[in-house]
Amino acid sequence: MSVSSSGRVSLDEQWEVLRRGVEAIVPEDEFRKKLERSIASGVPLRVKYGIDPTGIDVHLGHTVPLRKLRQFQDLGHTAVIIIGNYTALVGDPSGRDETRSSLTEEQVAVNAKDYLRQVGRIIDLDRAEVHHNGDWFSTWSFLDVLDLMRHMTLGQMSAREDFAKRLKAEKPVYLHECLYPLMQGWDSVEVKADVELGGTEQLFSLLVARSLQQSESQSPQVALTMPILVGTDGTRRMGKSLGNYIGVAEDPVTQFAKVMSIPDEPMRQYFTLLTDLPIAEVDALLAPGLNPRDAKEALGKAIVTQYSGSELADHAASEFRRRSSGEDPTEIPDITIPRDGLDPDGRLAVPHLIVALGFESSTSNARRTIEGGGFNYGPDRVVTTDVKERIEVVDGLLVRVGKKKIARIKLG
RNA sequence: GGGUGGAUACCCAAGUGGUUAAAGGGGCCAGACUGUAAAUCUGGUGGCUAUGCCUUCGCAGGUUCGAAUCCUGCUCCACCCA
């Protein structure tokens, strides 16, 4: 992007970058004005993003708003990260069809540290402001809480889709959950946010902040919502508990393989939200008639590169090609099998071998896999479906279960 | 405080005395196909020293030749009325 003589990026260029992939900007004209004012005055916008330290694995779904925040940073604006160590005690009800299990303060404190480390892979933390909302909430008196609660009615609260759904389904809505959007909104007051980022389902909370800010005579923030990234199953939102996520801390080969396993349909969404590839290039890759495989490979490389560099991304891609063409991966983990677990003649029943390697959780399970033809060994990939077979276990023996599990045996 | 309904395997959910290790669906695993996937098809989805044995339907007792199913107590959950 070109930088004007004043050292600032022009409005149109900022607009172009910032609106990419965005679901909604509420209200849009206010956002434009804020940008204009910022450019004219040289005062960066304060862009807030809140994270509740509820888990530990940051996945690509989380990176959607984080990447947007990074774009703001790169345009000279100020990233204001709120670690929601107090909101985490409540549990965000947004988009949930049940109450979140609440965490203890200790858990939250541990998670928060870990979170920042992971977030640092996307955000330049040296240039970001980081706040914990417990810093202010922990000092509050009961009267302060009452005053906060005055800002919203039961009707407003129960109108939100997630609560309404639960009420209809006769599932519980706890009162403390109602506090959540108010707390999140108050964070915006504390940090004087100009813009707040969030997922689509966050819109309600993002708008609560506007009215709280106005009541405190602040200029209300603009809500900028990002679409919810679908998971590797291509249908449901990406989430740890759904097992359809790609973690930012996962190794390159796994990340790449997971990207390749997504259905074709969400590819455009992934390109738009997870890469900086110009849209024109994306269009070219996804043009009808081309093998979607190639587009997906480009996508996988682009994503893995962000976390591990292009060298490792290329390596991951070639590994994947090897494996899908039926070859073994270049790097096969050694797994030690204790010698004294073997028969006097150095043999071991196949189900026990599989369990010893950690490929199956029980011998019963291992038997089923074997009977289904999911087990083979040696360079010639000898398949046996006989659960009673005892194979000779020697150093360096290759053992495979399914397509993904492979190990080289080391006798110990 | 009163009332009603509920708790079954990873999840949802059938089953109200005996071919019930427990229907069906989802998810997951394996196999076939493929573009790597998706879709589709096939098989599987409590454990074990394995053609037999052991354990499981909220918890603890009881009735019975036999209980997920009947009885008693308990725990937990939801909704409704106050």
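Residues numbered from 1 in each chain as written. Chains lettered and ligands numbered in written order. Predicted model: local features only at pLDDT ≥ 70, side-chain atom pairs only at ≥ 80, totals over all residues. Heavy atoms only, no water.

## Structural notes on the pattern of salt bridges
Phase 1 of the analysis: Per the stated rule, a full pass over the model turns up 24 salt bridges.
Phase 2 of the analysis: Between R19 and E16 there is a salt bridge whose closest N-O contact spans 3.7 Å.
Phase 3 of the analysis: The exposure class assigned to R19 is partly exposed, which follows from its relative accessible area of 44%.
Phase 4 of the analysis: D194 is the partner of K34 in a salt bridge, and the nearest nitrogen-oxygen pair spans 3.4 Å. Here K34 is found in helix α2 (residues 28-41), whereas its partner D194 is found in the loop between α10 (175-191) and β5 (195-199), with 160 residues between them in sequence. (Salt bridge = Lys/Arg side-chain N within 4 Å of Asp/Glu carboxyl O. Buried < 20%, exposed > 50% of the residue type's maximum accessible area, 1.4 Å probe, protein only. Helix = DSSP H or I, 4+ residues; strand = E, 2+ residues; numbered from the N terminus.)

## Focus on α2
Phase 1 of the analysis: With 14 residues, α2 extends 20 Å between its outermost C-alpha atoms, agreeing within 8% with the 20 Å of an ideal straight helix rising 1.5 Å per residue.
Phase 2 of the analysis: Within α2 the residues assigned to the buried category are F31, K34, L35, S38 and I39. Axial view of α2: buried residues confined to an arc of 130°, hence all on one face. Facing away from the buried side of α2 by more than 90 degrees, the exposed set consists of R37 and A40.
Phase 3 of the analysis: In this fold, the buried residues of α2 make contact with α1 (11-18), β1 (24-26), α3 (60-74), β5 and β6 (222-226).
Phase 4 of the analysis: In the segment just after α2, G42 is the residue with positive phi, at about 80°. (Expected span 1.5 Å × (residues − 1). Arc of directions from axis to C-beta. Contact = heavy atoms within 4.5 Å.)

## Details of the sheet that holds strand β7 (residues 334-337)
Phase 1 of the analysis: Ordered by their spatial adjacency, five strands build an open sheet running β7-β13-β12-β9-β10, and the pairing between neighbours is mixed. Whereas interior strands pair on both sides, the edge strands pair on one side only; in this sheet they are β7 and β10 (382-383).
Phase 2 of the analysis: In this structure, strand β9 (residues 375-377) lies alongside β10, joined through two bridges in antiparallel fashion. Considered in β10, the bridge of N376 is made with V383. (Pairing = 2+ DSSP bridges.)

## As for the packing of aromatic side chains
Phase 1 of the analysis: What the rule picks out here adds up to seven aromatic pairs.
Phase 2 of the analysis: Arranged with centres 5.0 Å apart and planes meeting at 70°, the rings of F137 and W140 form a pair that is edge-to-face.
Phase 3 of the analysis: Owing to a relative accessible area of 9%, F137 belongs among the buried residues under this scheme.
Phase 4 of the analysis: Over the aromatic face of Y245 sits the side chain of K258, whose NZ or CZ is 4.8 Å from the ring centroid. (Phe/Tyr/Trp six-rings, centres within 6.5 Å; stacked < 30°, edge-to-face > 60°. Lys NZ or Arg CZ within 6 Å of the ring centre and 35° of its normal.)

## Some words on the nonpolar core
Phase 1 of the analysis: Judged by nonpolar contacts, the single largest core of 54 residues is most densely connected at F31, L60, L224 and Y270.
Phase 2 of the analysis: Setting aside chain neighbours within four positions, we find L60 in contact with L229, M238, I246, V248, L274, I303 and Y307.
Phase 3 of the analysis: I337, L357, A366 and V401 belong to the second largest nonpolar core, which has 22 residues in total. (Core = buried A, V, L, I, M, F, W, Y, C linked by side-chain atoms within 4.5 Å.)

## Notes on the side chain of R210
Phase 1 of the analysis: Here R210 is to be found in helix α11 (residues 203-215).
Phase 2 of the analysis: Excluding anything up to four places from it in sequence, R210 contacts V26, P27, E30, P220, Q221 and V222.

## A short note on the protein's contact with RNA strand B
Phase 1 of the analysis: For RNA strand B, the set of nearby residues contains 27 residues, the closest of which are Y174, M260, S261, R293 and R368.
Phase 2 of the analysis: Atoms of RNA strand B within 4 Å of the protein belong to the sugar or the phosphate in 62% of instances, the rest to bases.
Phase 3 of the analysis: S362 places a polar side-chain atom, nitrogen or oxygen, 2.7 Å from a phosphate oxygen of RNA strand B.
Phase 4 of the analysis: The separation between a phosphate oxygen of RNA strand B and a polar side-chain atom of R368 is 2.7 Å.
Phase 5 of the analysis: With six residues, the top contributor of residues to the surface near RNA strand B is helix α15 (residues 292-324).
Phase 6 of the analysis: Split by residue class, the surface near RNA strand B holds seven nonpolar, twelve polar and eight charged. (Near = heavy atom within 4 Å. Polar contact = N/O pair within 3.5 Å; in protein donor to acceptor, adjacent residues only side chain to side chain. Nonpolar A, V, L, I, M, F, W, Y, C, P; charged D, E, K, R; others polar.)

## Considering the packing of α1 against α2
Two quantities define a packed helix pair, namely the angle between the axes and the distance from one axis to the other.
Phase 1 of the analysis: At a minimum axis separation of 10 Å, α1 and α2 run at an interaxial angle of 130°. Taken as axis vectors, α1 and α2 run oblique relative to one another. Judged by the sense of rotation from one axis to the other, the crossing of α1 with α2 is right-handed. Contacts between α1 and α2 involve L11, D12, Q14, W15 and L18 on the former and, on the latter, E28, F31, R32, L35, E36 and I39. (Axes fitted to C-alpha atoms, helices over the stretch in contact; angles between N-to-C directions. Parallel < 35°, antiparallel > 145°, perpendicular 65-115°, else oblique. Left-handed = near helix turned anticlockwise from the far one by under 90°.)

## Observations regarding the confidence of the model for chain A
Detailed reading of the predicted coordinates is not advisable wherever pLDDT falls low.
Phase 1 of the analysis: Summing up the model confidence of chain A, the mean pLDDT is 87 and the portion of residues at 70 or higher is 93%.
Phase 2 of the analysis: Low confidence marks residues 1-6, where pLDDT is under 50. Its contacts with residues over four positions away, or in another chain, come to eight contacts.
Phase 3 of the analysis: On the interface metric, ipTM, the complex scores 0.82, and its pTM is 0.82. (pLDDT = per-residue confidence, 0-100.)

## A short note on the pairing of β5
Phase 1 of the analysis: For β5, the buried fraction is high: five of the five residues fall into the buried class.
Phase 2 of the analysis: Side chains of β5 alternate between two faces, with V195, L197 and G199 and E196 and G198 buried alike.
Phase 3 of the analysis: As paired elements, strand β2 (residues 46-51) and β5 share two bridges and run parallel to each other. Bridging from a neighbouring strand, K48 pairs with E196 of β5.
Phase 4 of the analysis: Sheet topology note: the β5/β6 ladder contains five bridges and is parallel. Residue pairing across strands places V195 opposite V222, the latter belonging to β6.
Phase 5 of the analysis: In this region the chain leaves β5, passes through α11 and returns to the parallel neighbour β6; the handedness of that crossover is right-handed. (Right-handed = clockwise from strand over helix to strand, strands pointing away.)

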